[in-house]
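Residue-level structural notes
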Amino acid sequence: MGICVATANDGAIFCSYEINPSHLDEINKVAVSKQSRQLSSFNEGTTSTYWSLFMDHEFNIDDWIIIASQSADITNERTKEYRNLFFPLILFSLLLVIFLSSVIIRKKLNVINKLIEGTRKISENNFNSTVDIDSKDEFGELAKSFNKMAYSLKSINNEYQKYYEVDQIILASSEPEKIIESVSNCLNTIIEFESFVFINHKNILKPLGEFYYRSNNDAYNNLGEHTKTKLDDKITLNEIICDLERVCNIQKLFKDVNNLNHIKIINTNNIYIKHLKNLFLKNEKTACIIPISHDSENWTYIIATFKEQIFDDFIKTKLTNFSNRICVAFQALNRESVLRYRAEHDLLTHLPNRSQLRILYEKKLLELDNKKTGFALIFVDLDRFKQINDNYGHIYGDKLLKEFAYRIKNILEKNNYYFFRLSGDEFVIVTQLLEQHLLRDTVSSFCTQLINLIQQPYHIDNNVLTIGSSIGATLIPENSHSFENSLRFADIAMYISKNHGGNQYTIYEEGMSERLLKQKTLEEDLTTAIEKRQIEIHYQVKVDTKGEKIIGFEALFRWSHRNYGFISPFFAIEIAEKTGAIHKLGELVFELSLRQWQAWKEKDYEIGTIAINISPLQLLKDGFIDFIIKTVERYPLVSYSMIELEVTENVMINDTDRSLAVLNEIRELGISIAIDDFGSGYSSLSYLLDIPASTLKIDRSFVMRIEKDKNALELLSSLISLGKSMNYKIVAEGVETRQQAKFLAHCDTDILQGYLFSKPLPAELVEQRFFNNITQLKMVSTD
């Protein structure tokens, strides 16, 4: 309808139509405030609006306010027209948007549902379904990626399923053929091969040295006899392995030939290099060697051929993963093999153990031919092995056992006998089946050979060691069918051999069990008697050669069993040495003897010296010197000069240097030393120069024979002369007759001891006989 222009300073400066003067103030206000606002009208019947026009920048004047007006009727009409059109249009637009959104959402939800369904199937380990989406948008790309993922997961799942099958078969300890078949199936799942060769290099799968062949090529179904018979250039498995190690893992190696659709076993002894190459003869194939290795050691080799050259980095990675994963399975197999071996063998000597002995025993029982055949169980216990352990240490003992086992295995292999280690120094040999009428003689001959072989010297780290053996044998089925009884009977026979001095064998006979029961009872009861101090000390007098003066007494150990009565001291001491009770027994004898000497000194008896026997084992025990000092200190009336320790010559057999050192320390204390049983056992004149002894005790065996054996008389005279020439005091024990006493006095013997003067007596009888009403020393008869 028209416009007006106004400024802040001038107000309305132009109007294209006439306005109501009353509205000029409002126009001025608008111009001053420069705020656009819609005016209802400047004139009646009009509708106006205004806006600011920027003028300062171009013309350096105030902004203009442009005011436009229109007739109210026209404005209302246009507004009404617009209103009638706007709301239907808005409604239509909303409906259209809702419709299109529904279509698009339905379409996209369908894609999402397919992806959800595919994901659900994958979560249920169903990797065969695919998501079918044809669109080329992002959802189509997502579907392709999803399908690739499903295929990859399927491939991985199949691989790990095969790995799982390999693990299960190995855990089930199946036959080698089943394990290798599972391995080949696993490889074929990862990458389909044409030919597969498995070379058994390490002794994980038995038998060692065989290789296995399989083909997926149906064109051939056997190797063909001509292929086996025309081969030459025979080589060993090790040479094949070395040849394989010189080639790269992935390259063309061999040519395919007659294939198998099953696993074929070919013995190592019949392997030819041409045979191995002829497995891949017909057309050039891509081949690879897959080593199964652990700790830089190749356990086995897998050789596979393929139709195409497919070895890209992806395939190489898969084969590498296959090699590593199969290696893990074989580690488990090897670990199980090691554990089984440890459970069945002795790890020091690598001999089978008791469990394997039982299995062999039961097997041989089934092979017995009624009463025609039999076999023997031979129990071997090593004599003096404990002394070697004590004197040289367990390292030497272990080396000796290994050398012993190696030595014995050689003769057993010649006889087809079986060798087992039970524990410590105890071993068992099982013979082959023999005719029963030959069995006893065969066992006797073999045991004699075994004893001679065992006692030959062993050279261990520049030391020469010797041991003996006590052997017991039981004949099966003559003695027993039961494994436990047979082993027990052989053990009993062995103990009898040991009790008789060792280095001999005994074949079990009925009744031996009762004798061994007695011995074991005595072993247990002797230990108890020592702990409870239930032993006695008897004293045998020693006199001068005129038989008139008491020189001293020898303290002798005595033990009476509640059931078996008096036990021989020699047998009792042997038991104590074997059971290890000798140390406590020796200390008890020493302490009881000194206590009795203290009691006699308190009564002012003239008792001379006290002679106490010392075992070689006791002498070498740590702290023995300290024990002597502390015990003597407890009995102040007993001086070191009143004590004489008797040792046998064999004290020098083991650890000579240490024995001499201990003897010298004893001598420095003021205790005298006597060599007991001189002239018997391991006599050596060099010992007379080394042992710091002052007394020689002539063994009773010489004294007992001087009246009947001229040679014994001359030898005894020579021994006494030798001792006297070296300033030894000579004591003769076992004197029973006056003639013996006269001869010994004539030979310048210093001291006599024997039944002629008195048998060993308990302390109270010694007092009655020698210290009460003493006038003169009377010789007594041997009874």
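Keep in mind it's a predicted model, so treat the numbers as computed, not measured.

**Focus on the overall build of the chain**
Helix and strand counts for the chain come out as 25 helices and 30 strands. Counting the 783 residues in the chain, one finds 45% classified as buried. Total accessible area on the chain stands at roughly 42,000 Å², and carbon and sulfur atoms take up 50% of it.

**Describing the sheet that holds strand β1 (residues 2-7)**
Spatial strand order, β2-β1-β4-β3: four strands in an open sheet with antiparallel pairing. The sheet is open, and its two edges are formed by β2 (11-15) and β3 (46-53), each paired on a single side. The sheet shows a mean angle of 25° between the axes of neighbouring strands, taken without regard to direction. In terms of strand pairing, β3 meets strand β4 (residues 64-71) through eight bridges, oriented antiparallel. Counted as the bridge partner of threonine 46 is serine 71 from β4.

**Some points on helix α12 (residues 394-415)**
When the terminal C-alpha atoms of α12 are compared, their 31 Å separation across 22 residues agrees well with the 32 Å that a helix rising 1.5 Å per residue should span. Within α12 the residues assigned to the buried category are Tyr396, Gly397, Leu400, Leu401, Phe404, Ala405, Arg407, Ile408, Ile411 and Leu412. In the segment just after α12, asparagine 416 is the residue with positive phi, at about 60°.

**Quick notes on the packing of helix α11 (residues 385-392) against α12**
The interhelical angle for the contact between α11 and α12, taken along N-to-C directions, is 140°, at an axis separation of 7 Å. When the axes of α11 and α12 are compared, the pair comes out oblique. Across from Phe385, Ile388, Asn389 and Tyr392 in α11, the residues of α12 making contact are His394, Tyr396, Gly397, Leu400 and Leu401. Here the residues of the contact of α11 with α12 are counted per class, giving six nonpolar, three polar and no charged.

**Here we look at unusual backbone geometry**
Backbone geometry follows two general trends: most residues other than glycine have a negative phi, and most peptide bonds adopt the trans configuration. Along the chain, isoleucine 476 connects to proline 477 via a cis peptide bond; the corresponding omega equals 10°. Phi at aspartate 461 is positive, roughly 50°, even though this residue is not glycine. The residue aspartate 677 is not glycine, and still its phi comes out positive at about 55°. Structurally, aspartate 677 is set in strand β26 (residues 672-678).

**Quick look at a nonpolar patch on the surface**
A contiguous nonpolar surface patch, about 680 Å² in accessible area, is contributed by Leu89, Phe92, Leu96, Phe99, Leu100, Val103 and Ile104. You can see isoleucine 104 is positioned in helix α3 (residues 72-123).

**Points about the state of the cysteines**
What makes a disulfide is a covalent bond joining the sulfur atoms belonging to two cysteines. Taken as a whole and assessed by the stated rule, the structure comprises one disulfide. Disulfide pairing is shown between cysteine 4 and cysteine 15; the S-S distance is 2.1 Å. Between cysteine 4 and cysteine 15, the S-S torsion sits near 120°, and that sign places the bridge as right-handed. Taken as a pair, cysteine 4 in strand β1 and cysteine 15 in strand β2 lie far apart in primary sequence, eleven residues in all.

**A few points about the packing of α12 against helix α13 (residues 436-454)**
Helix-helix packing is described using two parameters, namely the angle between the two axes and the distance between the axes. Running from amino to carboxyl end, α12 crosses α13 at an angle of 150°, the nearest separation of the two axes being 11 Å. Here α12 is positioned roughly antiparallel relative to α13, judged by the angle of their axes. The two elements α12 and α13 cross, and the hand of that crossing is right-handed. Residues Phe404, Arg407, Ile408, Ile411, Leu412 and Asn415 of α12 pack against Phe446, Gln449, Leu450, Leu453 and Ile454 of α13. Of the residues that constitute the contact of α12 with α13, the class distribution is eight nonpolar, two polar and one charged.

Cut-offs and rules
- Residues numbered from 1 in each chain as written.
- Predicted model: local features only at pLDDT ≥ 70, side-chain atom pairs only at ≥ 80, totals over all residues.
- Heavy atoms only, no water.
- Helix = DSSP H or I, 4+ residues; strand = E, 2+ residues; numbered from the N terminus.
- Buried < 20%, exposed > 50% of the residue type's maximum accessible area, 1.4 Å probe, protein only.
- Areas by Shrake-Rupley, 256 points an atom, 1.4 Å probe, with all protein chains shown as cover.
- Pairing = 2+ DSSP bridges.
- Axes fitted to C-alpha atoms, helices over the stretch in contact; angles between N-to-C directions.
- Expected span 1.5 Å × (residues − 1).
- Parallel < 35°, antiparallel > 145°, perpendicular 65-115°, else oblique.
- Contact = heavy atoms within 4.5 Å.
- Nonpolar A, V, L, I, M, F, W, Y, C, P; charged D, E, K, R; others polar.
- Patch = residues over 30% accessible without salt bridge, like charges linked within 9 Å, V, L, I, M, F, W, Y side chains within 5 Å.
- Salt bridge = Lys/Arg side-chain N within 4 Å of Asp/Glu carboxyl O.
- Disulfide = S-S within 2.5 Å.
- Left-handed = near helix turned anticlockwise from the far one by under 90°.

By themselves these figures say nothing about function.
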